[in-house]
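# Structure assessment
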Amino acid sequence: AGGNQFACQCIDRAGSRREIDGAVVGKQVVVQVDIVSGGHGDIYAAGYETSIDSGINMMILKYKSDGTIAWRRSYATRQMDVANQIITDDSSNVYLCGTSNNGPHSSDILLQKYDSEGRKKWQLIYDGVLSQNDAGQFISADDSMNIYVSGFMNHVNNRADIPLLKLSRNGQLLQENYYNGHI
């Protein structure tokens, strides 16, 4: 009561469908951007929610295999913070990339890691080389659990660069490359 209702429909490998219901109380709009499965039948959903007091806030939810919410985390500044993509590892840690706005015409790439219990293990906010509009849109991992993030950075007018960031599983920035061109 008093919150918005939302539902996800999950389909397992055998083709069986089940609904996952939830509510986020005191928020106006919840938008799911990405969803992944973790160990033990858990489902992780990420995106953003609107709030009267702090604008648009990054949100991540962990659902148990029965569809109930195990935990919910958010990240909020006074601007817009959005999760764009999430991945999990073999230990059910969750990695997300997105965008954190730090001013009216400036945003940064946001990276976070949560353990299976929802404890934030680390966070990295990456400001592109020109300190303009940057966004993390894609995240992946290799067999050694190095994390790779891409999206756009230095976006102004009709121009942007494409970053490729490599991080250790502990959030240490190991390498940063970018393509400097027109999109």
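Remember, predicted model here, so these are calculated numbers, not experimental data. (Residues numbered from 1 in each chain as written. Predicted model: local features only at pLDDT ≥ 70, side-chain atom pairs only at ≥ 80, totals over all residues. Heavy atoms only, no water.)

## Let's talk about the overall build of the protein
Looking only at helices and strands, the protein has zero helices and 14 strands in total. Listed N to C, the secondary structure of the protein is β-β-β-β-β-β-β-β-β-β-β-β-β-β in terms of helices and strands. Here the protein has roughly 9,600 Å² of accessible surface; of this, 47% comes from carbon and sulfur atoms. (Helix = DSSP H or I, 4+ residues; strand = E, 2+ residues; numbered from the N terminus. Areas by Shrake-Rupley, 256 points an atom, 1.4 Å probe, with all protein chains shown as cover.)

## Some remarks on the packing of aromatic side chains
We describe a pair of aromatic rings using the distance from one ring centre to the other and the angle between the two ring planes. The full count for this structure, using the stated rule, is three aromatic pairs. Here tyrosine 44 and tryptophan 71 contribute two aromatic rings whose centre-to-centre distance is 6.1 Å and whose plane-to-plane angle is 55°, an arrangement assigned as tilted. Taken together, the positions of tyrosine 44 in strand S4 (residues 43-51) and tryptophan 71 in strand S6 (residues 69-75) put the pair 27 residues apart, joining distant regions of the chain. By relative accessible area, tryptophan 71 is classed as buried at 6%. Members of the aromatic cluster, each reached through a chain of ring pairs, are Tyr44, Trp71 and Tyr114. (Phe/Tyr/Trp six-rings, centres within 6.5 Å; stacked < 30°, edge-to-face > 60°. Buried < 20%, exposed > 50% of the residue type's maximum accessible area, 1.4 Å probe, protein only.)

## Some remarks on the pairing of strand S5 (residues 55-63)
In terms of burial, S5 is a largely internal element, seven of the nine residues being buried. As defined by bridge partners, S5 adjoins S6 across six bridges and the pair is classed as antiparallel. Each bridged residue has a counterpart across the sheet, and for leucine 61 the counterpart in S6 is arginine 72. The turn joining S5 and S6, which pair antiparallel and follow one another in sequence, is formed by five residues; a positive phi near 95° is taken by glycine 67. (Pairing = 2+ DSSP bridges.)

## Let's talk about the side chain of serine 92
Turning to its location among the elements, serine 92 is positioned in the loop between strand S7 (81-88) and strand S8 (94-103). The class for serine 92 is buried, based on a relative accessible area of 7%. When sequence neighbours within four positions are dropped, the list of residues in contact with serine 92 reads Gly39, Tyr44, Asp115 and Ser116. (Contact = heavy atoms within 4.5 Å.)

## Focus on unusual backbone geometry
Located in the positive-phi region is serine 92, a residue other than glycine, with phi close to 65°. Unlike most non-glycine residues, methionine 145 shows phi in positive territory, near 60°. Residue placement: methionine 145 occurs in the loop between strand S11 (133-141) and strand S12 (147-156). Among the residues examined, methionine 145 registers a relative accessible area of 13% and is labelled buried.

## Observations regarding the nonpolar core
Counting 15 residues, the largest nonpolar core has Tyr95, Leu111, Ile139, Ile147, Val149 and Leu167 as the members making the most contacts within it. Among residues more than four places away in sequence, those in contact with valine 149 are Cys97, Ile109, Leu111, Gly136, Phe138, Ile139, Pro163, Leu164, Leu165 and Leu167. Among the nonpolar cores identified, the runner-up in size contains 13 residues, and Ala83, Ile86, Val94 and Leu110 belong to it. (Core = buried A, V, L, I, M, F, W, Y, C linked by side-chain atoms within 4.5 Å.)

## Examining the environment of valine 94
Relative to the helices and strands, valine 94 resides in strand S8. For the pair valine 94 and glutamate 117, spaced 23 residues apart in sequence, the C-alpha to C-alpha distance is 9.9 Å. Once residues lying within four places of it in the same chain are set aside, the contact partners of valine 94 are Tyr44, Ile60, Ile86, Ile87, Thr88, Gln112, Lys113 and Tyr114.

## Describing a nonpolar patch on the surface
Together, Val129, Leu130 and Tyr178 make up a nonpolar patch on the protein surface, roughly 280 Å² of accessible area in all. Residue placement: leucine 130 occurs in the loop between strand S10 (120-126) and S11. Judged by its relative accessible area of 46%, leucine 130 is partly exposed. (Patch = residues over 30% accessible without salt bridge, like charges linked within 9 Å, V, L, I, M, F, W, Y side chains within 5 Å. Salt bridge = Lys/Arg side-chain N within 4 Å of Asp/Glu carboxyl O.)

## Considerations on the pattern of salt bridges
Evaluated as defined, the whole model comprises three salt bridges. Between glutamate 49 and arginine 72 there is a salt bridge, with the nearest N and O atoms lying 2.5 Å from each other. Linking glutamate 49 in strand S4 with arginine 72 in strand S6, this pair joins segments that are 23 residues apart in sequence. Between aspartate 115 and arginine 119 there is a salt bridge, with its nearest N and O atoms 2.8 Å apart.

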